[in-house]
Amino acid sequence: MMDEGFLGYPRSNGTIGIRNKIVVLSSVVCANTVVRRVAEKIDNAIAITHPFGCGQGGISLSNTFNILAGLASNPNVFGALVIGLGCEVIFSSLLADKIKKSEKPVNSFNIQDVKGGTISAIEKGISICENLAKEAGEIKREFFDFSHITLGLECGGSDFSSGLSSNPSLGILSDKLVNLGGTSILPEVAEWAGAEHLLSRRAINEEVAQEIMNLFKGKQVENRSPGNIAGGLSTPEEKSLGNITKGGKATIQGVIQYTEKPKGKGLWLMVEPGLDVISVTALAAAGANIIVFTTGRGTPFGCPVAPVIKICGNPKTCEYMANNIDIDASPIITNGKSIEGISDLLWKKLVDVCNGEKTNAEKLGFDEDIGIWRA
Amino acid sequence: MKNKYIIIDSKDNCATALDDIPRDTKIKLKDKIIKLNHHISFGHKFAINNIKKEDHIIKYGEIIGIATESISEGDWIHTHNIKSTYLEVNNDG
């Protein structure tokens, strides 16, 4: 039964949400406070704010634009309101137009165009979002199979436990999702160094295999610190495998760049810088409707548009940060529990979260932070 | 501490210690009992099968290196008796 599907929100573009959020998005830092004041008045609305949108150009500008549009276009989003100031580099109307390509209801306005200053702008925003929330409330959850799930595979605050417990548990889960027709995205290109020849063997064709190898051509080949070697890591590939084992063993369909979306189902690699907040944001902007985050040291971070499930194998962290960790994988280390057994628990949690159960990060409201790679 | 080691993938020919395990400790595997020929520190690996020189060392179900000498079951596996295949691949280009 648990493998058959989940209850999600259908979207007109064919994607399925596991949440039904209204996004209030600032196109520029100057609109951040108005955005937050609007979102706090609306049920199920989330404020997405950031320090960018003006005084930037080139790749930094296009990254910001595309990540913001990608977040608001995520399947978990019902509709969006973009609020700008009116004189910035990222026009609120252009950002709204980009989000509209996802066939969601999208509104936009600039604070400078509203008579009555920010007091009126906040009122205007609330009024628009109340209408969006009403429409969103009319959408009901329906049953869909797991081919509609795109899973982001993230790790952060890694330690000795990650490669032995949480990462291999996530790898088994990712393979299961891919076998059920779903999609997984493995980010953090720097972590593949040392094992790219093993990844390339799993590529769907020679072209993708070569693309993976080319990412590292002429790059540094030694990734181990003296401490890593003292700790028992014998080769660069052993260190990298401890990380990329969270991507399972599925065939690699292709390599996507930062701000790109997977071009089909199955497992995809994503090139991006590998900082936790930036990676999770990039996964959500690429359309991941759920993220599993493996950690050893622990981390509270969530994401505005996609639930983030935390799994941790370090017994001390699981005790100290119990209310931040969703799945305790430490019995693998302390009590002989199998990796498969913990992976089963993780799968049950994933299904529950798809059906609407809140993750710990959602319960605590740790879901407003985003990170954008300025390049 | 119920288990002192972990075998991550069924294809693996090495196990990772989850505690410091003294030399001569008997390790119960699925199908046999082996004796450790060396002290194995937490996080370090030992062979669960005999491994010939030039054979692959498998962990995570993947090749993490090649044996530079013959390795017996129960032997400590580390930089003294295995080498990277990755570093060789990259030396070509």
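Just so it is clear, the model here is predicted, and its values are computed rather than measured.

Draft legend 1. Examining the domain arrangement of chain A more closely. Residues and elements named next belong to chain A. Annotation of chain A at the domain level lists domain 1 (21-137) and domain 2 (146-363). For domain 1 versus domain 2, the distance between C-alpha centres works out to 30 Å. Between domain 1 and domain 2, the contact holds 13 residues from the first and 12 residues from the second. Within the side of domain 1 that touches domain 2, the residues separate by chemical class into 7 nonpolar, 5 polar and 1 charged.

Draft legend 2. How the structure looks around the sheet that holds strand 1 (residues 6-10) of chain A. Residues and elements named next belong to chain A. Overall, antiparallel pairing links the 3 strands, which are arranged 2-1-7 in an open sheet. Each end of this open sheet is capped by a strand with a single partner; those strands are strand 2 (16-17) and strand 7 (142-144). Two elements, strand 1 and strand 7, share 3 bridges in a ladder whose sense is antiparallel. Each bridged residue has a counterpart across the sheet, and for Phe6 the counterpart in strand 7 is Phe144.

Draft legend 3. Structural context of the packing of helix 2 (residues 58-72) of chain A against helix 3 (residues 92-100) of chain A. Residue and element names in this part refer to chain A. Taken N-terminus to C-terminus, the directions of helix 2 and helix 3 make an angle of 50 degrees; their axes are 9 Å apart at the nearest point. One way to sum up the angle between helix 2 and helix 3 is to call them oblique. By crossing handedness, the relation of helix 2 to helix 3 is classed as right-handed. Touching Phe65, Leu68, Ala69 and Ala72 of helix 2 are Leu95, Lys98 and Ile99, all from helix 3. Partitioning the contact of helix 2 with helix 3 into residue classes produces 6 nonpolar, no polar and 1 charged.

Draft legend 4. Local environment of unusual backbone geometry. For Asn44 of chain A, which is not glycine, the phi torsion reads 65 degrees and is therefore positive. On the secondary structure map, Asn44 of chain A appears in the loop between helix 1 (32-39) and strand 4 (45-48). For Asn44 of chain A, a count of 15 C-beta atoms within 10 Å translates into the label partly exposed. Not every positive phi belongs to a glycine, and Tyr60 of chain B is a case in point at roughly 60 degrees. Among the structural elements, Tyr60 of chain B can be located in the loop between strand 6 (56-59) and strand 7 (62-67). Judged by local crowding, Tyr60 of chain B falls into the buried class, with 24 C-beta atoms found within 10 Å.

The rules we used
Residues numbered from 1 in each chain as written. Chains lettered and ligands numbered in written order. Predicted model: local features only at pLDDT ≥ 70, side-chain atom pairs only at ≥ 80, totals over all residues. Domains from an automatic or database assignment. Contact = placed C-beta atoms within 7 Å. Nonpolar A, V, L, I, M, F, W, Y, C, P; charged D, E, K, R; others polar. Pairing = 2+ DSSP bridges. Helix = DSSP H or I, 4+ residues; strand = E, 2+ residues; numbered from the N terminus. Axes fitted to C-alpha atoms, helices over the stretch in contact; angles between N-to-C directions. Parallel < 35°, antiparallel > 145°, perpendicular 65-115°, else oblique. Left-handed = near helix turned anticlockwise from the far one by under 90°. Buried ≥ 20, exposed ≤ 12 C-beta atoms within 10 Å, placed from the backbone.

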